[in-house]
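Reading the structure
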Amino acid sequence: MGTPDVTGEINVAGVTQESWPDYPNMPTSEALAAAEFVVPPYMGNKQGLVALSQMPNLKVCQLLTIGYDDVVAHVAPSVTVCNAKGVHEESTGELAVALLLALVKSLPTDIRNSASSKWQHFRRGTLSGLNVVILGAGGVAAAIKQRLDAFDCNVNLIGQKSRGNVKVLADLPELLKKTQVLIIALPLTDDTRGLVDESILSVLPDGAYVVNVARGPVAVTDAITAQALSGRLNFALDVVDPEPLPTEHVLWTLPNVLITPHVGGNTDAFPVRGRRLVRQQLENVLMGAPLVNVVRAGA
C-alpha cells in the first residue's frame, strides 16, 4: 500500500498490494483493517496520516522520506517505523548547493532582469574559500559537504559528537562569527525545533547566506523574516514554517530570499530508489530478516 509512482511496479511473491493513491483519497476500510505493511504517500497532506491509526494489524510503516517527525504520533507503539535513508541524500545535497550558488551568483536578480529585458552587469560572489557551517552530520550533510569540497569551501559539520570536521553545538557560537554560509540539514526533533533563532542568525556576519533543506520548524520564521527585511542576510529556503508559506507572506517579495517548494528529494532518481527500498523491506519481512533504516522499533 503506497504511492503509485513509487510502489506501483513492485510485485513481491506473497504480498497482496493495494494502492494508497494520495491524500485526501483513502484506502477502503477493509484495506485499512488488513494492512500489515504500509507506505504512506510521499509528501502528502498531514491530515491523511490519521489513516495510520485505523490500521489495527499494522506492523511496519515504511516512509518515503528521511524525516519521520509527523508520522510517529499516528502509529501505535507496536509499529516499527523506517525512514528512507539512502533515497534522498544525493538529490538534497544537489539542491542545497544549487540554492547556494543561485544566491552567491545573484541568479534571482538576473531572472527578474531577464523578464524585463534589463541588462545589469555587476560583480558576483564565489564559493571558493567560503567558510561554511552545516547544521547536521548525517547523510544529507555529508552529501552537501562532498559537493562543497569541490568548490574549495572550508566546511564544518555540527553533530552530536566531535570528530574531524564535525563539531558540536557548543562550538557553534564561535564558529558563526566567521561563517559566511549556514546550511541547515538537521532532522526535526524536540531538541532541534526552533534551534535556528534570532540568537544564532544575529551572530552571522553581514551578507552571510542561510540555506534550509531540513524542515521548516528547525528555523524560526519570524527571525528569518526580520533578518531578511533588514537586508543583512540572504536566505534560500526549500522548507518553511508554515508549509506552504501563505501567499501574502512578506518573504515571497524580498529580493534576498529564494524559496523552492520542498523539492530537495523529489527528483528523477526518487522513484527508482524508493521502489528498491520498499522491495528490500518487503523481502526482509517475508524472510524474517532485520529491517533497515529503523528509526523507531515496534514494542
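Before any of the text, the structure's been laid out above.
Small disclaimer: the values here were computed from a predicted structure and weren't measured.

**Focus on the overall build of the protein**
Across its full length, the protein holds 9 helices and 11 strands. Relative to the globule expectation of 19 Å for 299 residues, the C-alpha radius of gyration of the protein, 21 Å, shows essentially globular dimensions. Seen along its three principal axes, the alpha-carbon backbone of the protein occupies a region of about 60 × 45 × 30 Å. A sequence separation of at least 24 residues applies to 59% of the contacts in the protein between residues at least 6 apart.

**Looking at the environment of S29**
Topologically, S29 is positioned in helix α2 (residues 29–34). Exposure remark for S29: the relative accessible area of 51% places this residue in the exposed category. Taking C-alpha positions, S29 is 9.0 Å from M55, a pair spaced 26 residues apart along the chain.

**Digging into the sheet that holds strand β2 (residues 60–62)**
The strand order β1-β2-β3-β11 describes an open sheet built from 4 strands, whose pairing is mixed. Only two strands of the sheet have a single partner each, and these edge strands are β1 (37–38) and β11 (294–296). Bridge count for β2 against strand β3 (residues 80–82) is 3 bridges, and the pairing is parallel. Of the residues in β3, the one forming a bridge with Q62 is C82.

**Description of unusual backbone geometry**
For the bond from D241 to P242, the omega torsion is 5°, close enough to zero to count as cis. For P242, the location among the structural elements is in the loop between β9 (234–237) and β10 (257–259). Cis rather than trans, the peptide bond between E243 and P244 has omega equal to 0°. In this fold, P244 is placed in the loop between β9 and β10. Residue S106 is not a glycine yet carries a positive backbone phi of 60°. Exposure remark for S106: the relative accessible area of 18% places this residue in the buried category. With a phi angle near 55°, S117 is a residue other than glycine that sits in the positive phi range. Locating S117 in the fold gives a position in the loop between α4 (107–115) and β4 (131–135).

**Examining the pairing of strand β5 (residues 154–158)**
Of all 5 residues making up β5, 4 are buried, and the element is well covered by its neighbours. Two strands pair when backbone bridges link them, and β4 and β5 are joined in this way by 5 bridges, in the parallel orientation. Within β5, the residue paired with I134 across the bridge is L157. One crossover worth recording links β4 to the parallel β5 by way of helix α5 (residues 139–149), and it is right-handed. Of the strand pairs in this sheet, β5 and strand β6 (residues 166–167) are connected by 2 bridges, and their pairing is parallel. Opposite L157, over in β6, you have V166 as the bridge partner.

**Considerations on helix α8 (residues 221–230)**
Buried within α8 we find T221, A223, I224, T225, Q227 and A228. Looking at the buried side of α8, the elements it contacts are α7 (198–201), β9 and β10. A positive phi of about 80° marks G231, the residue just after α8.

**Some remarks on the pairing of strand β8 (residues 209–212)**
Taking every second residue as pointing to the same face, both faces of β8 are buried, with Y209 and V211 on one and V210 and N212 on the other. Pairing of β8 with β9, which is carried by 4 bridges, proceeds in the parallel orientation. Looking at β9, one finds that V211 is bridged to A236. Regarding the hand of the β-α-β motif, the stretch spanning β8, α8 and β9 is right-handed.

**What about the side chain of N113?**
Along the chain, the position of N113 falls in helix α4. Assessed through its relative accessible area of 8%, N113 is described here as buried. N113 has contacts with K118 and Q120, leaving out every residue within four places of it along the chain.

**Describing the packing of helix α3 (residues 89–104) against α5**
Packed helix pairs are characterised by how far apart their axes lie and by the angle those axes make with each other. Packing of α3 against α5 leaves a shortest axis separation of 8 Å and a crossing angle of 50°. By the angle class used here, α3 and α5 are oblique. For the pair α3 and α5, the crossing hand works out as right-handed. Every residue of α5 that contacts α3 at E89, E90, T92, G93, E94, A96, V97 and L100 is listed here: G139, V140, A143, I144, Q146, R147 and L148. Here the contact of α3 with α5 is built from residues that sort into 7 nonpolar, 4 polar and 4 charged.

Analysis parameters
Residues numbered from 1 in each chain as written. Predicted model: local features only at pLDDT ≥ 70, side-chain atom pairs only at ≥ 80, totals over all residues. Heavy atoms only, no water. Helix = DSSP H or I, 4+ residues; strand = E, 2+ residues; numbered from the N terminus. Rg over C-alpha atoms; globule rule 2.2 N^0.38 Å. Contact = heavy atoms within 4.5 Å. Buried < 20%, exposed > 50% of the residue type's maximum accessible area, 1.4 Å probe, protein only. Pairing = 2+ DSSP bridges. Right-handed = clockwise from strand over helix to strand, strands pointing away. Axes fitted to C-alpha atoms, helices over the stretch in contact; angles between N-to-C directions. Parallel < 35°, antiparallel > 145°, perpendicular 65-115°, else oblique. Left-handed = near helix turned anticlockwise from the far one by under 90°. Nonpolar A, V, L, I, M, F, W, Y, C, P; charged D, E, K, R; others polar.

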